[in-house]
Amino acid sequence: MTQTYEEHGGDAFPVPGTHPLDNPAYAALTGPHAHFAERSGRVLRYPSDVTPWVALPDDVTAADWADLAAFADADGAVPVLGTSAELPAGWDAVFDIPGVQFVDDTVDAAHDPEAVRLTEADVPEMLDLVARTQPGPFEVRTIELGTYLGIRRDGALAAMAGERLHPPGFTEISAVCTDPAFRGQGLGGRLVRAVAAGIRERGETPFLHTGAANTNAIRLYEALGFRLRRTTRFRTARVPAALQSSRAASL
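Residues numbered from 1 in each chain as written. Predicted model: local features only at pLDDT ≥ 70, side-chain atom pairs only at ≥ 80, totals over all residues. Heavy atoms only, no water.

Examining the nonpolar core
- In this structure, Ile 173, Leu 191, Val 192, Tyr 221 and Phe 226 are the most contacted members of the largest nonpolar core, which totals 24 residues.
- Contributions of two or more residues to this core are made by strand S7 (92–104), strand S9 (148–153), strand S10 (156–163), strand S11 (170–178), helix H4 (187–201) and helix H5 (215–224).
- Tallying contributions element by element places H4 first for this core, with seven residues.
- Contacts of Tyr 221, omitting those with residues within four sequence positions, involve Val 176, Val 192, Leu 208, Thr 210 and Phe 226.
- Grouped together as the second largest cluster of nonpolar side chains are 18 residues, Tyr 26, Trp 53, Leu 81 and Phe 207 included. (Core = buried A, V, L, I, M, F, W, Y, C linked by side-chain atoms within 4.5 Å. Buried < 20%, exposed > 50% of the residue type's maximum accessible area, 1.4 Å probe, protein only. Helix = DSSP H or I, 4+ residues; strand = E, 2+ residues; numbered from the N terminus. Contact = heavy atoms within 4.5 Å.)

Shown next as structure tokens:
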């Protein structure tokens, strides 16, 4: 089955597959998050100061890999997140981390009286908390992707969680983190439930990603009522030198 969620410049971007969560970044960037999409051929990405997610089409071709090279940094590295496609010959993995995708099954979603909506004014504190807890990428404009909630202790941000990828009918919960001084108090779980409540109220289904080795997070998400849907991979690849040279010469 093929669905078309958005048109860009007269070109339709189909999302092959049977489910938006099979390729959630591509489904988001051709759907509700189309206004964020930067493109190189059929390859799409979010602005780098929003989130590093780059989206390859499911039916990825050699031309798509060549177009992906346009998004590489000065060292030739480019994120290849959430795709099961194998790297072509000559591409090297900078890192390759197995991941898992969970979807709301029986989550007891509920608003939390202590949870406050975070704004752009809170971004410096949010970036500091992320730097100390390492929940995954969070950039200066990530807050634009959706609602972010926090719980404060003595005025300081103690924990947060929010929304990232937005494929049609679904919203990803991301950046779930708690200051080490306040762990063990259930703050992360409360915020996940609160973010999930807002997503549910829009008629959408919460989902999330984490590393396959992050047993503490997996235990929490399963206890909250999330169900493992599929495995995935979080990779950064390095573009072959010849391809980098070829693209540089064409600029």
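Description of unusual backbone geometry
- Phi is positive for Gln 134, close to 55 degrees, though the residue is something other than glycine.
- Checked against the element boundaries, Gln 134 lands in the loop between helix H3 (123–133) and S9.
- Relative accessible area serves as the criterion here: at 62%, Gln 134 is assigned to the exposed category.
- For Ala 175, which is not a glycine, the phi torsion comes out positive at approximately 55 degrees.
- Note on placement: Ala 175 falls in strand S11.
- Residue Ala 175 is classed as buried on the basis of its relative accessible area, which comes to 7%.

Topic: the environment of Ile 151
- Inspection of the secondary structure puts Ile 151 in strand S9.
- In this structure Ile 151 comes out as buried when scored by relative accessible area, which is 0%.
- As a C-alpha pair, Ile 151 and Ala 115 span 36 residues in sequence and 5.1 Å in three-dimensional space.

Notes on the environment of Ala 115
- Tracing the sequence through the fold places Ala 115 in the loop between S7 and strand S8 (116–117).
- Note on Ala 115: relative accessible area 19%, which makes it buried.
- Taking C-alpha positions, Ala 115 is 20 Å from Ala 223, a pair spaced 108 residues apart along the chain.

Structural notes on the sheet that holds strand S4 (residues 43–45)
- What the three strands build is an open sheet, ordered S3-S4-S5; its pairing is antiparallel. Edge positions in the sheet fall to strand S3 (38–40) and strand S5 (54–55), since each has one partner strand and no second.
- The pairing of S3 with S4 spans three bridges and is classified as antiparallel. Residue Ser 40 lies in a different strand from S4, and its bridge partner there is Val 43. (Pairing = 2+ DSSP bridges.)

Concerning the packing of aromatic side chains
- The tally for this structure, following the rule as stated, stands at seven aromatic pairs.
- With centroids separated by 5.5 Å and ring planes inclined at 75 degrees, the aromatic side chains of Phe 138 and Tyr 148 adopt a geometry described as edge-to-face. Here Phe 138 is found in the loop between H3 and S9, whereas its partner Tyr 148 is found in strand S9, with ten residues between them in sequence.
- In this structure Phe 138 comes out as buried when scored by relative accessible area, which is 6%.
- The exposure class of Tyr 148 is buried, given its relative accessible area of 0%.
- Taken together, Phe 102, Tyr 221 and Phe 226 form an aromatic cluster joined through their ring pairs. (Phe/Tyr/Trp six-rings, centres within 6.5 Å; stacked < 30°, edge-to-face > 60°.)

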